[in-house]
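Observations on the model geometry
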Amino acid sequence: MAAVRGDATDEMLMVRYQRGDREAFVELVRRYNRSVFNFVLRQVHQPNVAEDVTQDVFLRVVQNAAEFKHEARFSTWLYTIARNLCIDQLRKLSHRKHPSLEQPLAQNDASRTLSDVLPDGHPEADAERSVVSAQVRRTIVAAVDTLPDDQREVFLLREVANLPFKDIAEITGTPENTVKSRMRYALERLKEALSDFEEYARALR
Amino acid sequence: MDCEKFDRVVLDLLYDELDELTNAAAKRHMEHCTRCRGIGAGLRATREVGALPLVEPPPGLEIRILDAERKLRDRLPLRQRMGRAISIMASYAMRPQLAMAALLLLMIGSSLLLLRERSNERNAAHVAERGVPENESETVAIVPITPQREKARAPAPLAARGEPDRVAKKESPDRAERRARSVAPAKRYAEPEPALGRLGGGIEEQSSGSSALPTDEGESDFGAAMSAYRDGRYAEAQQRFDEIAGRGEARAAEASLYAAQALRHTAGCPAAAPRFEQVHSANAGTQVGYEAAWQAAECHRALGNVSRARYNYQLLLTATGYADRAQAALSEMDEASAAAVAARSAPKARPKAAAAAPPAATAAPKAKKPAAAAGASKRSVEIDTSNAYR
C-alpha cells in the first residue's frame, strides 16, 4: 500500500481509494472526522448521536466511492452526505426530547453544561482565545443553537466546515446570494448575543 | 464602489473570497464611508470573537469508522466490487502514459509494415526510351556501368568490327553512355542475344521484353518464335516469324526482320542480304526499315559488295539513330579504299630501293606485301570472321 503524502488533495486520495488504496481513506478520515463531527454535533446536539452519524457519513463515502467523480470536490460531496444524514436524524429526533448542549448537566448543577464537559481540541483556537471566558463560549454556542435551521446550517458549513459560499449553495441547493443573506443574518444575531462583550471585541481589533 | 455594492460583497470580503481588484475597491470604500466601515468592522469582530469552539471527537471514533469501513468493504455486493474493479481498470486505461504507449506501438508497427513492403520491392526503375512513353512491360534494372561493361556494351555493329576502342574515342561520353543504356541494359527476363545486339536499341529492347512476357495469343506466337531464335533453332524461328509476318499482325514488320535475321544464321549473308533489302523497302521510313537497311549494308559489306553496302549506308544518313553509325561506316570504307590504293602503289616504288639492298633485306617488303594487302581488306576479313554471320 502506497504511503499517503500530506500534500495530496482530497480528490486524489479519493481516487486512490477507489483503486483500492485503503491508506488514502484513512487519511481522509483523519482530515475530516473532527469537522464533520462538530458539524453534526451542532445540528443534532447529542454527542453519541453525532458520533454515530459521523460514522455513517464515512460509511456512505465507502458505499458510494465508485460514484465519486474526480472533477467534484470531495468536501462538498462529504458535507452533502453529512447534511442529508443530519436532516434524517433530526426528523427522527423531532419527536423525542433531547438534551441541548447548553442544558444543565444536572438539576442541582446549573453552572455546568454539556458543552463545558466536551473536550475542546482546537489547539490554535485555544492559543488565540485563551482569554475567552467560558461565559463567552456558552453565549456563542447558545446563540448558534438558537439560530433558525437554515441560518445555522449555513453558519456551520461556513465556520466549521470552512466551505466557500459557492459550495454551500451547492450543498444546500439554494442560490449563493441567499446563502450569503442567511450568513449575514446569522452573524447579526451572533453580534447581538455578543453585544455585552463589545469591549472585548474592540480590544481584539 | 458604492454602499449598495459594498453590502453585496461584504461577506466575501470578510471571508477573503473576493478577487484582488474588488477587494481593494471595497477596502478603499471602507476608508471613505463611515457606515460601511462600521458594518465591516462589526462583522469582523463578531466573526473573531464569536468563533465557534470546536469539540474534539471521541478518541475511538476514528478507529470505529475504519473498522466499520473494513467490514463494509468485505460485505460489499459483487456488483459494487465489479464496479470498483472496472473503475480501477478504467482509471489505468485513461492514463495519458498508456495512451502514449499505445500510440508509440502503433507508430512502430506501421513503420515496420511499411519497411517490410519496401524491402520486398525490387531495385528497379522504369525508364522511357529516348523520350518515348514508358512501356508497362519493360522493366530495366539499374546496373552500375563499369568501364569493362561499357566496353562490352559498345554498339554491336562497330564492336563486331573489332574496333570498340576507336568507336569509344569517336563518341562523346554522354552519347556513349546513352547508347550503352539503350542498347545493352541488363535484361531482367532474358540475356541479350549476340546477334540481336546488332539491332537498333528501341526495336531490340521492345521485342525482347515483350517476347519474354507475352500478353496475349499473338504475342505468344511472337514469343515462341523469339524463344526458338534465342535457342538457336533458326530454321524454326524463321518459319514462325514468316508465319507471323504473313498474317499481317501488329508485329509483322518486326517478324519479317527477325525472319531475315534467322535466314542469315541458316543460309548466310548471300541469302539474307536481299531479304533485308526486301524488308527495308516494305518498311521504309520506319525503325524496322532502317534496321533492315543497316543489316543489308552490313551483309553486303561482309560479302565485299561495296557499292550495295555504300548505297544502304547512304540511305541511313538521314535516319534517326543510324546516321552517325552509317557515316562512320562510310568513312571506314573510304579509309579502307585509300589504304588499298596505297598498298597497291607501294610495291612499284619499293623495288628501286630494294635493288641496292642486300637480298636478305628484300625479303622484308616481300613479306610485308601480303600483310599490306591483307590490311587493305582487313575490314571485310575481320567482319567475316567475327560477326558470326556464318
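Our subject is the structure that appears above.
Here the structure is a predicted model, which is why all the values come from computation and not from measurement.

How each quantity is defined
- Residues numbered from 1 in each chain as written.
- Chains lettered and ligands numbered in written order.
- Predicted model: local features only at pLDDT ≥ 70, side-chain atom pairs only at ≥ 80, totals over all residues.
- Heavy atoms only, no water.
- Helix = DSSP H or I, 4+ residues; strand = E, 2+ residues; numbered from the N terminus.
- Buried < 20%, exposed > 50% of the residue type's maximum accessible area, 1.4 Å probe, protein only.
- Contact = heavy atoms within 4.5 Å.
- Areas by Shrake-Rupley, 256 points an atom, 1.4 Å probe, with all protein chains shown as cover.
- Disulfide = S-S within 2.5 Å.
- Phe/Tyr/Trp six-rings, centres within 6.5 Å; stacked < 30°, edge-to-face > 60°.
- Lys NZ or Arg CZ within 6 Å of the ring centre and 35° of its normal.
- Expected span 1.5 Å × (residues − 1).

So, on to the overall build of chain A. Looking only at helices and strands, one finds eleven helices and two strands in chain A. Taken from N to C terminus, the helices and strands of chain A fall in the order α-α-α-α-β-β-α-α-α-α-α-α-α. A total of 205 residues make up chain A; the buried ones form 50% of that total. Of the contacts made within chain A by residues no fewer than 6 positions apart, 58% connect residues no fewer than 24 positions apart. Of the roughly 10100 Å² of accessible surface on chain A, a fraction of 47% belongs to carbon and sulfur atoms.

What follows is about the state of the cysteines. Residues and elements named next belong to chain B. Inspection of the entire model under this criterion finds one disulfide over all chains. Shown here is the disulfide that connects Cys 269 with Cys 299, its sulfur atoms set 2.2 Å apart. Residues Cys 269 and Cys 299 are joined through a disulfide that is left-handed, its torsion about the S-S bond being -75°. Within this pair, whereas Cys 269 is found in helix H15 (residues 269–282), its partner Cys 299 is found in helix H16 (residues 287–303), the two being separated by 30 residues in sequence. As far as burial versus exposure is concerned, Cys 269 and Cys 299 are alike and both buried. With no disulfide partner, Cys 3 has as its closest neighbouring cysteine sulfur the one in Cys 33, 3.5 Å distant.

Under the counting rule described, the total for this entry stands at 17 aromatic pairs over all chains. A ring pair is formed by Tyr32(A) and Phe74(A), whose centres lie 5.4 Å apart and whose planes are at 65°; its orientation type is edge-to-face. With Tyr32(A) in helix H2 (residues 22–44) and Phe74(A) in helix H4 (residues 74–93), this residue pair connects regions lying 42 residues apart in the sequence. Tyr32(A) gets classed as buried once you look at its relative accessible area, which sits at 11%. Their ring planes at 70° and their centres at 6.4 Å tell us that Tyr229(B) and Phe241(B) sit as a pair that is edge-to-face. Note that Tyr229(B) is positioned in helix H12 (residues 217–230) and Phe241(B) in helix H13 (residues 234–247), a separation of twelve residues in sequence. The same class applies to Tyr229(B) and to Phe241(B), which are both buried. Within the aromatic cluster, the residues linked to one another by ring pairs are Phe222(B), Tyr229(B), Tyr234(B), Phe241(B) and Tyr258(B). Its guanidinium or amino end placed over the ring of Phe222(B), Arg251(B) lies 4.0 Å from that ring's centre, counting from NZ or CZ.

Time to look at unusual backbone geometry. Residue and element names in this part refer to chain A. Within the chain, His 45 stands out as a residue other than glycine whose phi angle is a positive 65°. Assignment of secondary structure puts His 45 in the loop between H2 and helix H3 (47–63). A residue is classified by how much of its surface remains accessible, and His 45, at 10% relative accessible area, is buried. Residues other than glycine seldom take positive phi values, yet Asn 162 does so here, at roughly 60°. Looking at where Asn 162 falls in the secondary structure, it is placed in the loop between helix H8 (149–159) and helix H9 (165–172). Given a relative accessible area of 52%, Asn 162 falls into the exposed group.

Here helix H7 (residues 134–145) of chain A is twelve residues long and its end C-alpha atoms lie 16 Å apart, about the 16 Å a rise of 1.5 Å per residue gives. Inspection of H7(A) places Val136(A), Ile140(A), Val141(A), Ala143(A), Val144(A) and Asp145(A) among the buried residues, and these make up the whole buried set. Against the buried residues of H7(A) lie H2, H8 and helix H10 (176–193) of chain A together with helix H3 (34–49) of chain B.

Before going further, it helps to spend a moment on helix H14 (residues 252–267) of chain B. Residues and elements named next belong to chain B. Spanning 16 residues, H14 covers 22 Å between terminal C-alpha atoms, matching the ideal 22 Å at 1.5 Å per step. Within H14, twelve of the 16 residues are buried, leaving the element largely enclosed by the surrounding structure. Residues of H14 that are buried include every one of Ala 252, Glu 254, Ala 255, Ser 256, Leu 257, Tyr 258, Ala 259, Ala 260, Gln 261, Ala 262, Leu 263 and Arg 264, and no others. In the stretch just after H14, Gly 268 is the one whose phi turns positive, near 85°.

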